[in-house]
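# Fold and geometry: a report
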Amino acid sequence: MDVYMSDFAPATAITHLDNLRHNLSYFRSLLSENTRVMAMVKSNAYGSSAVEVGRELNRLGVRDLGVAYTYEGKELRTHGVSGSIMVMNPVPGDFPDLINHQLEPELSNMEILTKWVNFISREKIANYPVHLELDTGMRRLGFDNNDLGSLVEVLCATPSMQVKSVFSHLSSSPTSEKDAFTKSQFNLFEEWTALINRNLPKPVTRHILNSAGIVRFPEYQYDMVRLGIGLYGVGLESLSVHEDLRPVQSLYASISQIKKVSAGESIGYEQNGQLQSDGKIAVLNIGYADGVPRLAGNGRFSVRIGKVLCPVVGNVCMDMIMVDISNCPDVTAGTPVEIYGQNNPVHHLANAGNTIPYEILTGNRKRVHRLIAE
Ligand SMILES: *Cc1c(COP(=O)(O)O)cnc(C)c1O
């Protein structure tokens, strides 16, 4: 398991491209042959490595990528990632950059749409692809009911604008208790896209499903789906597909020092930690500044050393944590430690931190080293 980690390595996030390949083919097997996959690589490919992941996706024939911000798209282009890249949340000041890097803006309200239309007419740009988002209930980005009339007017008046896709985003796709609401989102999407289609020269590409949506509502896959967390193999713990996915990201630290401590002796800040019996603790080279939530301290989370789960003792520090290794017979300074990954699922750390795997994955800080496992 520790093949990629050498002794005394700094805190290191490893991106397992083999698992990415596995997860992509798994999701493709759930979809019809003609359904395209837009792979979401926002926030550094969910905290892994957007450039390496983007290139691998290119090799695997994924032609559609999605990011949140323009600079994320620029970074991909600068490093040779090809295909279509949708930028979900651009600002008007980004327009020249979008064009220069062949990035496709999502336009999600009348104000930015109008600015875009003015921009392309001033610059004499025709047939440049854009994506429109409809707000069917998420109440985040997107045109809503009140905008539809004006949206259609602009579309009719601007034949030079190429609407490459129209999409919406589900707020509660994993959660069966919220299915009535999800259904209402599907219904609005169906109705609003039909109206838009009546006003465009040919039917537009449509998409609404994210990862959990793909698993639970394949009948709404339309022409494309937007695959995010599932591609990274985690985050779908409430669904049975979870068993078939493999984690793309793992996080390792290593042991800086080992100490014998006596039962009841206080350990760490505010004397919060202690062992019940005489034993040993290891100091690890990772802390909350590297993305381990402070809530994971005081026994709420265990790291994995070899086959043994070792609880965090006392408070999580900025740069280090202490763990109880009394049950680990043969570890030494330098031994690699799995914080999360193949053997210690990331949702354990997420649960300890009162959060979700998405936040843990994207929370790996700058100081964490990066390795790519082909
Ligand atoms: C992040 C995001 C996705 C991917 O969602 P997952 O739950 O990670 O699959 C899809 N669509 C939009 C608009 C997003 O912001």
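Residues numbered from 1 in each chain as written. Predicted model: local features only at pLDDT ≥ 70, side-chain atom pairs only at ≥ 80, totals over all residues. Heavy atoms only, no water.

By the naming in an unreviewed UniProt entry, the protein goes by Alanine racemase and is assigned to Membranihabitans marinus. Heading Cofactor (unreviewed entry) of the UniProt record for the protein holds this comment: "pyridoxal 5'-phosphate". (UniProt positions renumbered as here; feature names shortened; annotations may be inferred.)

A separate point is the sheet that holds strand β2 (residues 36-40). Taken together, the 8 strands give an open sheet; going across it, the order is β8-β7-β6-β5-β4-β3-β2-β9, and neighbouring strands pair in parallel fashion. On the outer flanks of this sheet lie β8 (205-207) and β9 (224-227), each paired with one strand and no other. Going across the sheet, the axis of each strand differs from the next one's by a mean of 30°, ignoring polarity. Bridge count for strand β3 (residues 64-67) against strand β4 (residues 84-87) is 4 bridges, and the pairing is parallel. (Pairing = 2+ DSSP bridges. Helix = DSSP H or I, 4+ residues; strand = E, 2+ residues; numbered from the N terminus. Axes fitted to C-alpha atoms, helices over the stretch in contact; angles between N-to-C directions.)

All residues in the neighbourhood of the ligand are listed as Met40, Lys42, Tyr46, Met88, Arg140, His169, Asn210, Ser211, Arg226, Gly228, Ile229 and Tyr358. Between the ligand and Ser211 there is a distance of 2.5 Å, counted from an oxygen atom to a side-chain nitrogen or oxygen. With respect to the ligand, the backbone of Ile229 contributes an N or O atom lying 2.7 Å from an oxygen atom. When isolated, the ligand has an accessible area of 380 Å², and the protein chains bury 95% of it. Tallied by class, residues from the shell around the ligand come to 5 nonpolar, 4 polar and 3 charged. (Near = heavy atom within 4 Å. Polar contact = N/O pair within 3.5 Å; in protein donor to acceptor, adjacent residues only side chain to side chain. Areas by Shrake-Rupley, 256 points an atom, 1.4 Å probe, with all protein chains shown as cover. Nonpolar A, V, L, I, M, F, W, Y, C, P; charged D, E, K, R; others polar.)

Here we take up the pattern of salt bridges. Across all of its chains, the model carries 13 salt bridges by this definition. Where Arg55 meets Glu52, a salt bridge forms, and the shortest distance between an N and an O atom there is 3.9 Å. In this pair, Arg55 and Glu52 are both assigned in helix α3 (residues 50-59), 3 residues apart and thus about one turn of the helix distant. Under the relative-accessibility criterion, Arg55 is labelled partly exposed at 30%. As a salt-bridge pair, Arg59 and Glu56 come within 2.7 Å of each other at their nearest N and O atoms. Of the two residues, Arg59 and Glu56 both sit in helix α3, 3 residues apart, roughly one turn of that helix. (Salt bridge = Lys/Arg side-chain N within 4 Å of Asp/Glu carboxyl O. Buried < 20%, exposed > 50% of the residue type's maximum accessible area, 1.4 Å probe, protein only.)

Let us look at the nonpolar core. Trp116 and Ile339 are the most contacted members of the largest nonpolar core, which has 110 residues in total. It is helix α6 (residues 110-122) that contributes the most residues to this core, 7 residues altogether. The contact partners of Trp116, leaving out residues within four places of it in the chain, are Phe95, Leu98, Ile99, Pro105, Leu107, Tyr128, Val130 and Met161. (Core = buried A, V, L, I, M, F, W, Y, C linked by side-chain atoms within 4.5 Å. Contact = heavy atoms within 4.5 Å.)

Under the feature "binding site: substrate" (unreviewed entry), the UniProt entry names Arg140 and Met318. In terms of the greatest pairwise C-alpha distance, the residues named above, spread along 179 residues, do not form a single cluster, extending to 33.6 Å across. By the element assignment, Arg140 lies in the loop between β6 (128-134) and α7 (148-157). Classification of Arg140 as partly exposed rests on a relative accessible area of 47%. Residue contacts for Arg140: discarding those within four places in its chain leaves Asp135 and His169. Along the chain, the position of Met318 falls in the loop between β13 (308-313) and β14 (321-324).

For the structure on display, the rule yields 0 disulfides. The thiol of Cys328 is not disulfide-bonded; the next cysteine sulfur, from Cys310, is found 3.4 Å away. (Disulfide = S-S within 2.5 Å.)

A few words now on the UniProt feature "active site" (unreviewed entry) in the protein. According to UniProt, the feature "active site" (unreviewed entry) maps to Lys42 and Tyr269 in the numbering used here. The largest pairwise C-alpha distance within this set of annotated residues, which runs over 228 residues, is 36.1 Å, so the set is dispersed in three dimensions. Relative to the elements of secondary structure, Lys42 occurs in helix α2 (residues 42-47). The exposure class assigned to Lys42 is partly exposed, which follows from its relative accessible area of 23%. Apart from the residues within four sequence positions on either side, Lys42 is in contact with Gly66, Val67, Ala68, Glu72 and Met88. Among the structural elements, Tyr269 can be located in the loop between β10 (249-261) and β11 (279-284). Excluding its chain neighbours within four sequence positions, the residues that come into contact with Tyr269 are Asn315 and Cys317.

Right, let's get into the packing of aromatic side chains. In this structure the tally under the stated criterion is 11 aromatic pairs. Between Trp116 and Tyr128 the ring centres are 5.8 Å apart and the planes differ by 50°, which places this aromatic pair in the tilted class. One end of the pair, Trp116, is in helix α6; the other, Tyr128, is in strand β6, with 12 residues separating them in the sequence. For Trp116, a relative accessible area of 0% gives the class buried. The buried category is assigned to Tyr128, whose relative accessible area is 8%. With centroids separated by 5.2 Å and ring planes inclined at 65°, the aromatic side chains of Phe186 and Phe217 adopt a geometry described as edge-to-face. Placement of Phe186 in helix α8 (residues 179-198) and of Phe217 in the loop between α9 (211-216) and β9 is noted, with a sequence separation of 31 residues between them. Both residues of the pair, Phe186 and Phe217, belong to the buried class. Through a chain of ring-to-ring contacts, the aromatic side chains of Phe186, Phe189, Phe217, Tyr220 and Tyr222 assemble into a single cluster. (Phe/Tyr/Trp six-rings, centres within 6.5 Å; stacked < 30°, edge-to-face > 60°.)

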